[in-house]
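# A closer look at the structure
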Amino acid sequence: MSDMPPKLAEIVDEFATAPRDVVLEMLLEFSDAVPPLPGEFVGHEGMEQVPECQTQFFLKAIVNPDGSVVSHFDCPPESPTTRAFAGILAEGLAGASAAEVLAVPDDLYSRMGLAQAISPLRVRGGTAILGRLKRQVAEQTAPHPAE
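Keep in mind it's a predicted model, so treat the numbers as computed, not measured. (Residues numbered from 1 in each chain as written. Predicted model: local features only at pLDDT ≥ 70, side-chain atom pairs only at ≥ 80, totals over all residues. Heavy atoms only, no water.)

## Regarding the state of the cysteines
Note the threshold: Criterion for a disulfide: a pair of cysteine sulfur atoms at a distance within 2.5 Å.
Per the counting criterion, the structure on display carries zero disulfides. Unpaired in this structure, Cys53 has its nearest cysteine sulfur neighbour in Cys75, at a distance of 7.0 Å.

## Quick word on the nonpolar core
The tendency in soluble globular proteins is for nonpolar side chains to be buried as a group. Note the cut-off: The term nonpolar core refers to a set of buried residues drawn from Ala, Val, Leu, Ile, Met, Phe, Trp, Tyr and Cys, joined through side-chain atoms within 4.5 Å. Accessible area is worked out with a 1.4 Å probe on protein chains only. A residue is then buried under 20% of its type maximum, exposed over 50%, and partly exposed in between. By the criteria applied, helices consist of DSSP H or I runs no shorter than four residues and strands consist of E runs no shorter than two, each listed in order from the N terminus. Whether two residues are in contact is decided by their heavy atoms: any pair within 4.5 Å suffices.
By size, the foremost hydrophobic cluster in this structure holds 43 residues, and its most contacted members are Phe15, Phe73 and Leu108. Of all the secondary structure elements, the ones that give two or more residues to this core are helix H1 (6-17), helix H2 (20-30), strand S2 (58-63), strand S3 (69-74), helix H3 (80-92), helix H4 (98-103), helix H5 (108-111) and helix H6 (120-141). Look past the residues within four positions of Phe73 in its chain and what remains in contact with it is Val34, Pro35, Leu37, Met47, Phe57, Phe58, Leu59, Ala86, Leu89, Ala90, Ile129 and Leu133.

## Side note on the sheet that holds S2
Operational definition: When DSSP finds two or more bridges between two strands, those strands count as paired.
One open sheet holds the three strands; their spatial order is S1-S2-S3, and the pairing between them is antiparallel. Of all strands in the sheet, those with a lone pairing partner are strand S1 (48-49) and S3, marking the two edges.

## Section: the pairing of S2
Sheet analysis places S1 next to S2, joined by two bridges and oriented antiparallel. By the bridge assignment for S2, Glu48 is matched with Leu59. The antiparallel hairpin formed by S2 and S3 contains five residues in its connecting segment, where Gly67 sits at a positive phi of about 90 degrees.

## So, the pattern of salt bridges
Put simply, the rule is: For this analysis, a salt bridge means a side-chain nitrogen from Lys or Arg found within 4 Å of a carboxyl oxygen belonging to Asp or Glu.
By the definition in use, this model includes eight salt bridges. Linking Glu48 and Arg135 is a salt bridge whose minimum nitrogen-to-oxygen distance equals 2.5 Å. A residue pair is termed long-range when its members are at least 10 positions apart, and Glu48 in strand S1 and Arg135 in helix H6 qualify at 87 residues. Exposure remark for Arg135: the relative accessible area of 33% places this residue in the partly exposed category. Asp107 is the salt-bridge partner of Arg111, the closest N and O atoms lying 2.9 Å from each other. On the basis of relative accessible area, Arg111 is assigned to the partly exposed category, the value being 37%. Assessed through its relative accessible area of 36%, Asp107 is described here as partly exposed. Connected via shared salt-bridge partners are Glu48, Glu52, Arg132, Arg135 and Glu139.

## Quick notes on H2
Short version of the rule: Relevant arc is that of directions from the helix axis to the C-beta atoms, nothing else.
Residues of H2 that are buried include every one of Val23, Met26, Leu27 and Phe30, and no others. Angularly, the buried residues of H2 cover 105 degrees about the axis, an arc narrow enough to put them on a single face. Facing away from the buried side of H2 by over 90 degrees, the exposed positions are Asp21, Glu25 and Glu29.

## Structural notes on unusual backbone geometry
Look at His44: it is not a glycine, yet its phi comes out positive at around 65 degrees. Looking at the element boundaries, His44 is found in the loop between H2 and S1.

Next up, the structure:
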């Protein structure tokens, strides 16, 4: 695989090899994997909204001093598919380093075989979530120009 965090690579592999008829069920299981938002983000304070998603979706990536990334996602339970993308990233990227997050392939959901299981619009939303997450990480790890 690539330089993806091992946990994410494992999830991608499980989906890619799963029979088509169970892919959706597997996806929905991940909608329960989204951890609740910590108090400081209630009301989405400081989080970025992902307009490409059909539903309200908010995310925030925090790069810790040791280079590990903590991601926070929020999406209504009424949108289980979109929420599942968050669950996959939350679980797959748990404890990942900034470099690992940035190495996640942009076509992650196609690699998982989701393009056949869900609508292109939803895949696009998931791709946008990943893109924004990577951009937030990149912005926090970029060398700051000297004042």
